[in-house]
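Now for the letters of each chain:
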Amino acid sequence: MKQLVLVLTLSSLFLIGRAQDFGQIISGSIKDANTYANEYLRPFGESEIYNQSRGWYSTARAHKRFGFDISASVQFAAIPAAKESFVFNNADYTTFKLNSGTSAALPTLMGGNTSTQINVSTTANGQNVTARFTAPKGIGDEFKKNISFVPLATPLPVLQAGLGLGKHTDLKVRYFPKTSFSDVEIGVFGLAVQHEFSDYLPFIKKVPFLHLAGVAGYTSTTANYKPVFGSSSAVQSSNASANYKISAFTLQGIASVKFSLLEVYTAVGFSSGKSTIDMAGDYTITYDRTPPATGKETVKQTDPVSLSFTGGGISNTWGVRLNLFILKVYADYTFANYNGLGIGAAIAFR
């Protein structure tokens with residue numbers, strides 16, 4: 001449950017309780033460690049790009065000058081079933097081999113549990129050495145158990161404020177100063193401009209309940225986590241750091257229709273972004289010498305994992321908002337490469 005609590009409060013969920021697993025992965029070659037980590041973290045690295053692009057709007061209507069809103073939402077990027085696992089083939093690795101068989105479906109971060117053992121065979125200080133570790137499990141089973149009201153997804157909480165600048169234009173800001181939570185440090189900054197152009201179109205003026213707007217937004221999140229390796233782990237580090245950075249841009253055209261207390265909105269647009277994940281620091285790895293030799297060999301690795309993911313494309317959002325005086329409650333669904341569900345509430349003064 002600890003992982004899921006942090007998942008809902010920090011975008012850096014993979015850093016929590018999973019970095020130690022990478023301590024086992026980096027016992028192989030740098031190439032093998034990055035190949036494995038790339039497959040394991042791909043659904044997280046890609047899906048959070050889409051989450052980061054969402055949640056900017058729940059109406060096409062602009063504030064009057066100095067009108068404002070403060071909103072909180074949670075975005076869920078649905079994980080396709082195919083992304084819950086990946087195929088591990090012995091032939092794709094030089095230092096990793098399955099303990100049994102030549103190929104197996106192993107969980108990604110968003111997958112389930114596994115007991116599959118992976119053997120490591122490499123050289124250290126000129127000696128043939130071995131090690132063994134259990135393939136990292138995912139958080140999928142725990143997610144489905146504790147957050148069963150939505151499909152398997154990567155969540156991202158979003159806090160933002162909007163201010164009416166006049167002339168049908170709103171400025172929207174997401175900001176969270178870089179703050180430490182136990183061993184995790186996270187900071188968020190986002191900026192968007194939304195402009196309503198309903199008044200520019202004569203035929204729209206004749207339909208006062210219909211509003212059209214465009215929004216362009218950019219968000220950047222950085223996080224790092226300092227993993228602690230158990231005394232029995234073959235991998236040790238005094239300065240290990242798991243680092244995550246995501247940046248995403250979106251451009252959307254929005255339409256909303258207001259019926260008294262109920263408002264329906266839709267949007268079509270384009271999003272793109274990039275996320276990077278690194279395991280930085282100095283790591284000491286202890287191996288067993290390959291029999292008949294006995295004893296241990298120790299080697300050091302620095303900054304062993306460096307990954308980069310990209311995502312984006314056309315998206316289409318449909319949502320509904322309930323306007324209860326200054327309280328606004330809304331939910332929407334986005335169709336994209338990673339479909340998404342958004343749920344939120346806002347206090348707004350128009």
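Look up: the structure comes first, before these words.
Not measured: the values here are computed from a predicted model.

S.K.: Summarise the packing of aromatic side chains; cite the residues concerned and give the values.
M.R.: In total, this model carries 12 aromatic pairs according to the counting rule given. For the pair Y36 and F96, a centre-to-centre distance of 6.5 Å together with 85° between the ring planes defines the contact as edge-to-face. With Y36 in helix α3 (residues 30–52) and F96 in strand β3 (residues 96–98), the pair connects residues that are 60 residues apart, well separated along the chain. The exposure classification of Y36 matches that of F96, with both residues buried. Seen from their ring centres, Y333 and F335 are 5.1 Å apart, and the 70° between their planes marks the pair as edge-to-face. For Y333, a relative accessible area of 32% translates into the label partly exposed.

S.K.: Could you give me a rundown of unusual backbone geometry, with the residues and numbers involved?
M.R.: Each neighbour pair has its own omega, and for P291 with P292 the value is 10°, a cis peptide bond. Considering the arrangement of structural elements, one finds P292 in the loop between β14 (282–289) and β15 (296–302). Even without glycine at this site, D303 takes up a positive phi of about 50°. Taking the relative accessible area as the measure of exposure, D303 reaches 48% and is therefore partly exposed.

S.K.: Can you tell me about the pairing of strand β2 (residues 85–89), naming the residues and giving the values?
M.R.: With burial as the criterion, only one face of β2 is covered, namely that bearing F86 and F88; the residues S85, V87 and N89 on the opposite face remain uncovered. Two elements, β2 and strand β4 (residues 103–107), share five bridges in a ladder whose sense is antiparallel. Paired with N89 across the strands is S103, a residue of β4.

S.K.: Describe the nonpolar core, and please don't skip the residues or the numbers.
M.R.: Formed by 50 residues in total, the largest nonpolar core has its most connected members in Y36, F88, F96 and I118. Of the residues forming this core, the biggest block, eight residues, is contributed by α3. In contact with F96, other than residues within four places in its own chain, are I25, G28, D32, A33, Y36, F88, N90, I118, N119, V120 and F133. Grouped together as the second largest cluster of nonpolar side chains are 11 residues, W56, A192, A213 and V215 included.

S.K.: Lay out the pattern of salt bridges with the relevant residues and their values.
M.R.: Scanning the model with the defined rule gives seven salt bridges in all. Put simply, E263 and R61 hold a salt bridge, and the shortest N to O gap is 2.8 Å. Of this pair, E263 sits in strand β13 (residues 262–280) while R61 is found in the loop between α3 and β1 (68–78), placing the two residues 202 residues apart along the sequence. The same class applies to E263 and to R61, which are both buried.

Reading guide: rules and limits
- Note that residues are indexed from 1 along each chain, following the sequence as it is written.
- Selection of residues for local features in this predicted model requires a pLDDT of at least 70, selection of side-chain atom pairs for listing and counting requires 80 or more, and totals for whole chains, interfaces and linings are taken over all residues.
- For the side-chain quantities, the full set of heavy atoms in the structure was used; hydrogens and water were omitted.
- Aromatic rings from Phe, Tyr and Trp, with only the six-membered ring used for Trp, were paired whenever their centres fell within 6.5 Å, and each pair was classed as stacked if the ring planes differed by under 30 degrees, edge-to-face if by over 60, and tilted otherwise.
- Each helix corresponds to a stretch of at least 4 residues labelled H or I by DSSP, and each strand to a stretch of at least 2 residues labelled E; elements are numbered beginning at the N terminus.
- Exposure classes here rest on a 1.4 Å probe applied to the protein chains alone. A residue is buried below 20% of its type maximum, exposed above 50%, and partly exposed in between.
- Pairing between strands requires that DSSP locate at least two bridges from one strand to the other.
- The set of buried Ala, Val, Leu, Ile, Met, Phe, Trp, Tyr and Cys residues whose side-chain atoms join them within 4.5 Å is what this entry labels a nonpolar core.
- Contact between two residues is taken to exist if any of their heavy atoms lie within 4.5 Å; hydrogens are not considered.
- The term salt bridge refers to a pairing of a side-chain nitrogen on Lys or Arg with a carboxyl oxygen on Asp or Glu at a separation within 4 Å.

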